[in-house]
Amino acid sequence: MSKNRLNRKKFKIISPMVLSMFLLVTFVGYWLHSQYNNEKKNLQVELSRLYHVSINDGEFILFYRNVIKPALNHQDTINFESLKIGSPKTSSEFKRAYIKELKEFIDTNQNYTNIFRAIETSSFIPDSLRDERYYDILRLGYRYQIYPAQILYNQRKKSNDTTQQFLRNIFLRNVAINFPNIKAGHEDEIDRENIELIEKTNHEVLRRGKLGIIIYTRRYDKASVLYFEHYFLHLITEILPQIIFGIVLISLSVFALVVAYRSYLSQAKLNMLRSDFVSNITHELKIPVSTAKAAMEAILNYGISDDKEKTKSYLKMVASEMNRLDSLTSRVLEHSKLESNQHLLKKEETNLNEFVDRIVKSVQLFSANTINIKFNKPNELISIPIDQVYIEGVIRNLIENSKKYGGNDVSIVVNLWQKGLHVYISVIDNGPGIPKEYLNKVFDRFFRVPTGDQHNVKGFGLGLSFAALVMKQHNGSIGADNLTEHGCEIKLEFPA
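Residues numbered from 1 in each chain as written. Predicted model: local features only at pLDDT ≥ 70, side-chain atom pairs only at ≥ 80, totals over all residues. Heavy atoms only, no water.

**Q** Lay out the overall build of the protein with the relevant residues and their values.
**A** A count of helices and strands for the protein gives 13 helices and 10 strands. A buried classification covers 38% of the 496 residues belonging to the protein. The long-range share in the protein, meaning contacts at least 24 apart out of those at least 6 apart in sequence, stands at 70%. Carbon and sulfur atoms provide 55% of the accessible area of the protein, an area that totals close to 29700 Å². (Helix = DSSP H or I, 4+ residues; strand = E, 2+ residues; numbered from the N terminus. Buried < 20%, exposed > 50% of the residue type's maximum accessible area, 1.4 Å probe, protein only. Contact = heavy atoms within 4.5 Å. Areas by Shrake-Rupley, 256 points an atom, 1.4 Å probe, with all protein chains shown as cover.)

**Q** How would you explain the pairing of strand E10 (residues 488-495) if you had to name every residue and give the values?
**A** Summarising the sheet, strand E8 (residues 422-429) and E10 pair through 8 bridges and their orientation is antiparallel. Residue His-422 lies in a different strand from E10, and its bridge partner there is Pro-495. Joining the antiparallel neighbours strand E9 (residues 477-482) and E10 is a turn of 5 residues, in which Gly-487 adopts a positive phi near 100°. (Pairing = 2+ DSSP bridges.)

**Q** How would you sum up helix H12 (residues 388-405)? Please name residues and give values.
**A** Compared with an ideal rise of 1.5 Å per residue, which puts 18 residues at 26 Å, H12 spans 25 Å between its outermost C-alpha atoms and is within 8% of the ideal. Buried within H12 are the following residues: Tyr-390, Ile-391, Glu-392, Val-394, Ile-395, Asn-397, Leu-398, Ile-399, Asn-401 and Ser-402. (Expected span 1.5 Å × (residues − 1).)

**Q** Residue-level account of the packing of aromatic side chains, with values.
**A** Enumeration over the complete set of coordinates arrives at 11 aromatic pairs. Feature note: the residues Tyr-64, Phe-105, Tyr-112 and Phe-116 constitute an aromatic cluster, connected by ring pairs. The lysine or arginine in question, Lys-210, covers the ring of Tyr-227, its NZ or CZ lying 5.3 Å from the ring centre. Looking at Lys-491, its charged tip hangs above the ring of Tyr-424, at a distance of 5.6 Å from the centre. (Phe/Tyr/Trp six-rings, centres within 6.5 Å; stacked < 30°, edge-to-face > 60°. Lys NZ or Arg CZ within 6 Å of the ring centre and 35° of its normal.)

**Q** Which residues make up helix H3 (residues 111-122), and what are the values?
**A** Because each turn of an α-helix spans 3.6 residues, side chains separated by three or four positions end up pointing in the same direction. Relative to the 16 Å expected for 12 residues at 1.5 Å per residue, H3 spans 17 Å between its end C-alpha atoms, a close match to the ideal helical length. Every buried residue of H3 is accounted for by Tyr-112, Ile-115, Phe-116, Ala-118 and Ile-119. Buried residues of H3, seen end-on, are gathered within an arc of 160° and therefore sit on one face of the element. Residue Ser-123 follows H3 closely and has a positive phi angle near 50°. (Arc of directions from axis to C-beta.)

**Q** Explain the pairing of E8 to me, using residue names and the numbers behind them.
**A** Among the 8 residues in E8, 7 count as buried, and that is most of the element. Alignment of strand E7 (residues 410-419) against E8, held across 8 bridges, turns out to be antiparallel. Counterpart to Val-414 in the pairing with E8 is Val-427. Hairpin connection of E7 to E8: 2 residues between the antiparallel strands, including Gly-420 at a positive phi of 65°.

As C-alpha cells, then:
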C-alpha cells in the first residue's frame, strides 16, 4: 500500500514537470520557427533588393558600353553624326555638348574612373564602388535626349538580344558573392495583368515553404518567380544565437527539473529509510524494555523477592537488557558523531596479521557451534595505522552480518592481503548474497534489505553505514559484491 502511495506521489510530481517541459519546448520551438520564418522573409526582401540593384548595375554597364565609352573615345571634334549615341533624333550639337559636360563631370568625380575600370575588367560593379552618385551620370544624358531606357529598347530590337540573360547573370553573381550557399533554381511564369496576384505572390511563396522573388522579363505582360535552393543552412546560421539560447534554456530547465526530481526522490527515500529505521529500532528497543519490565513485575508481584537466587537471576536479566539498551543507543549516538566528524579516530600502527587473527579466534571461541570461520593469513607482515577499536568493530560487524544472513551451516572466510599501495580485508560467506539492486544501497544510513513486515533478523540499518563512515575516516573504502555461484564478499580497502 505504501509503495502505491509513493508511486502516486511520484506521478503527481512528475506530471507537472513533464507538462512544464512540454510547454517550454513547445514555446521555444514555436519561437525558433517564427525566427526562422522572419529570417526567411528578410532574406526574400534582401534578394529582391539585390535583384533591383543588379538590374540598375546592368543598365549602367550597358549605358557605359553604348554611350559613355563611345563618347569618351570619340576623337573627331567636328563630325558628331558618326557617333551612335542617343536616338536618331539626337542632334550633333546635343552630342557635342553632352561629351563636353560628360568629361567635365568625370574630371570632378574620380570615383567613376574606378567604376569604369571594374566594368572593363569584370563587367561587374563591386559594393565598395557602388554609390548613389553614379545615377547622376545617367541623369546627365536626359538633358541631351540620351536615355538609358533607349539602350535597352535598342538592344531588345535585335534578333540576338541577350539583355535579359546579361542582367540575370549580374544578379546571380551578386547572390553568389553575398550568399555563397544559396543557389538559384527554376522559374515559374506568372501573369502581370493581375497586379494583386503579383503583390501576393511573395507571401504565398513563403507560405508554401519555398523561397522566391518576382523578376520581370522583356515581355511586359509577364513576370516570373525565381526560386532559390540550399538556403536552409544560411537561415540556421542567421538564427544560431537564438538556437543556442533555446538549447541553453531547455538544458538549464531540464537540469533544474532533474535536480529537483532527484532531490525529491532522495528526500522520499530518506523518509522511507527513517520510517523503516523507526520501525526497526522500535522493535529492537521494545524487546529489552519488555524483558526488563516482565522481570521487574515478577520480582514485585509474584513474591519471588524472598528467593534470593531467583531475584538475583531476574536482576541479572534486567541488567543484561539494560546493557543491551545502552549499547543500541550508544551505536546510534556514535554513528551520528562519526558522520558529523565530531569523533576523532585514534590511529596507531597495527600488525594486521595478529590483529585480524585475534578477532577471528575470538569469534571462533564464542560461535564454534554455529559457524565455521577461517582466516587466510598472508606470509608477509602487513602493518598500517588504524583505529583498532573501530576497525575491530567493523570486522566483527561484517562477520556478524554473515552469520545472521548466511542461513544454516554458515561458512565464513576472512582474507588479508596487500596489492601495490593498498591493503585489503575481505569477509566472504556462503549465504544467499545480497540482491543485485541493493548492492550499492546497503551502506546507506538506516537501509536494510526489504523483508516486508518480518523482523527475523535483528538490526536497524546502521552497521554497514557505520562501517562506511569508519573506512572514510581511514581514507579507505568498503564495497560489496556477490560471488559467481553463491555467497557475498564485503571488502575493506586501506591505503598502505
